[in-house]
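Letter by letter, the chains look like this.
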Amino acid sequence: MNKINIAIDGPAGAGKSTVAKAVASLLQYVYIDTGAMYRALAWVALKNNIDTQEDWSLSALLQNTNIILEPSSIGNRVFVNQEEVTDAIRSNEVTAAVSDVSAHAGVREQMVKKQQQLAEGKGAVLDGRDIGTTVLPDAELKVYLIASVEERAKRRHDEHVDKGRSSDLETIRRDIQSRDEKDASREISPLIKAEDAIEIDTTQLSAEEVASRVINLAEERIRIL
Ligand code: CDP
Ligand code: CDP
């Protein structure tokens, strides 16, 4: 059967990775968590005391860092130079640094190239901020997920509680808002809905409802290929 590429973008906590994972699993496509790649670079930069404001040192670091996404039932397992960092890249420190790391032109250029290579064979679901606009401008299906910041903060808070991590709802809300602002206002590939993306407001929807809408859209696209 013909395969398509699916781009899922949107702000933090909108449900991108949950939906992307479900869609990829049902269609037996590859899921690529592009945010995990930026998080992996932020993790290795912090570990090596590299200034997150300096494009040239981050770009050089990225050139010498092997970031691997491995498919798994939990989404992507992430390895940096063969060390597993799947959980470590979700820490508050990495989350606080990642939007600075991802704003640099040299970093984005390398990341976008890698992501395009990963999706070359079609049959890929990528989630991120610039998939529909920059990484896969020709993706057959582009979805842009949104939800109120209060709902997105609540979802992240619930996740932290489930994982036994200490967590304060108001702090999470402020962090999400500040990260969204940085991601949306950067010069290169800011967080923005692609003109031809289908926007879904997930505030009042369950993750299953959103996934089922996206799967229907994907099946429609596959049928008309
Ligand atoms: O899961 P969450 O929405 O919190 O974030 P993520 O998808 O793991 O992405 C972490 C950060 O990476 C974002 O806040 C962006 O700064 C950056 N990112 C990006 O710039 N472009 C992408 N395609 C994906 C992520
Ligand atoms: O990738 P992104 O940051 O956009 O969101 P996520 O990591 O998928 O996290 C969203 C959290 O909210 C997960 O715990 C989901 O189970 C939950 N959720 C959702 O994803 N979509 C909804 N419509 C409702 C809840």
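Note that the coordinates shown come from a computational prediction; the quantities given were computed from them, not determined experimentally. (Residues numbered from 1 in each chain as written. Chains lettered and ligands numbered in written order. Predicted model: local features only at pLDDT ≥ 70, side-chain atom pairs only at ≥ 80, totals over all residues.)

1. Quick word on the nonpolar core
By size, the foremost hydrophobic cluster in this structure holds 53 residues, and its most contacted members are Ile8, Val19, Val23, Ala40, Leu41, Val125 and Leu126. For this core, the element with the most residues is helix H2 (residues 34-47), which contributes nine residues. Not counting chain neighbours up to four residues away, the residues in contact with Val125 comprise Ile6, Ile8, Ala20, Val23, Ala24, Tyr29 and Tyr31. (Core = buried A, V, L, I, M, F, W, Y, C linked by C-beta atoms within 7 Å. Buried ≥ 20, exposed ≤ 12 C-beta atoms within 10 Å, placed from the backbone. Helix = DSSP H or I, 4+ residues; strand = E, 2+ residues; numbered from the N terminus. Contact = placed C-beta atoms within 7 Å.)

2. Overview of the site of ligand 2
Residues in close proximity to ligand 2 total 15 residues, the closest being Gly15, Lys16, Ser17, Thr18 and Arg155. When residues of the shell around ligand 2 are traced back to their parent elements, those giving at least two are helix H1 (16-27), helix H7 (149-162) and helix H9 (207-223). Tallying contributions element by element places H1 first for the shell around ligand 2, with three residues. Of the residues contributing to the shell around ligand 2, the split by class is five nonpolar, seven polar and three charged. (Near = placed C-beta within 6 Å. Nonpolar A, V, L, I, M, F, W, Y, C, P; charged D, E, K, R; others polar.)

3. Quick word on the UniProt feature "domain: Cytidylate kinase" (unreviewed entry) in the protein chain
Following the UniProt record, the feature "domain: Cytidylate kinase" (unreviewed entry) maps to residues 6-219 here. Along residues 6-219 one finds 50% helix and 17% strand; the C-alpha atoms at either end are 11 Å apart. (UniProt positions renumbered as here; feature names shortened; annotations may be inferred.)

4. Quick notes on the pairing of strand E4 (residues 75-80)
Where strand E3 (residues 67-72) meets E4, six bridges bridge the pair, whose relative direction is antiparallel. By the bridge assignment for E4, Ser72 is matched with Gly75. The turn linking E3 back onto E4 is made up of two residues. Where E4 lies against strand E5 (residues 83-84), two bridges are found, and the strand directions are antiparallel. Paired with Phe79 across the two strands is Glu84, which belongs to E5. Counted between consecutive antiparallel strands, the loop separating E4 from E5 contains two residues, among which Asn81 sits at a positive phi close to 45°. (Pairing = 2+ DSSP bridges.)

5. Here we look at unusual backbone geometry
One non-glycine residue, Gln28, lies in the positive phi region at around 60°. Residue position: Gln28 is located in the loop between H1 and strand E2 (30-33). Phi at Asn49 takes a positive value of approximately 55°, unusual for a residue other than glycine. With respect to the helices, strands and loops of the structure, Asn49 is situated in the loop between H2 and helix H3 (55-63).

6. Some words on the site of ligand 1
In the vicinity of ligand 1 lie 17 residues, with Ala12, Gly35, Tyr38, Ser102 and Gly128 positioned nearest. Those elements that provide at least two residues to the shell around ligand 1 are H2, helix H4 (92-101) and helix H8 (169-185). The element contributing the most residues to the shell around ligand 1 is H2, with five residues. Residues belonging to the shell around ligand 1 are distributed by class as follows: five nonpolar, seven polar and five charged.

7. Notes on the pairing of strand E1 (residues 5-9)
Extensive coverage of E1 is indicated by the burial of five of its five residues. Residue alternation in E1 divides its side chains into two sets, Asn5, Ala7 and Asp9 and Ile6 and Ile8, and both sets are buried. Sheet topology places E1 next to strand E7 (residues 141-146); four bridges connect them, and they run parallel. The residue of E7 that forms the bridge with Asp9 is Tyr144.

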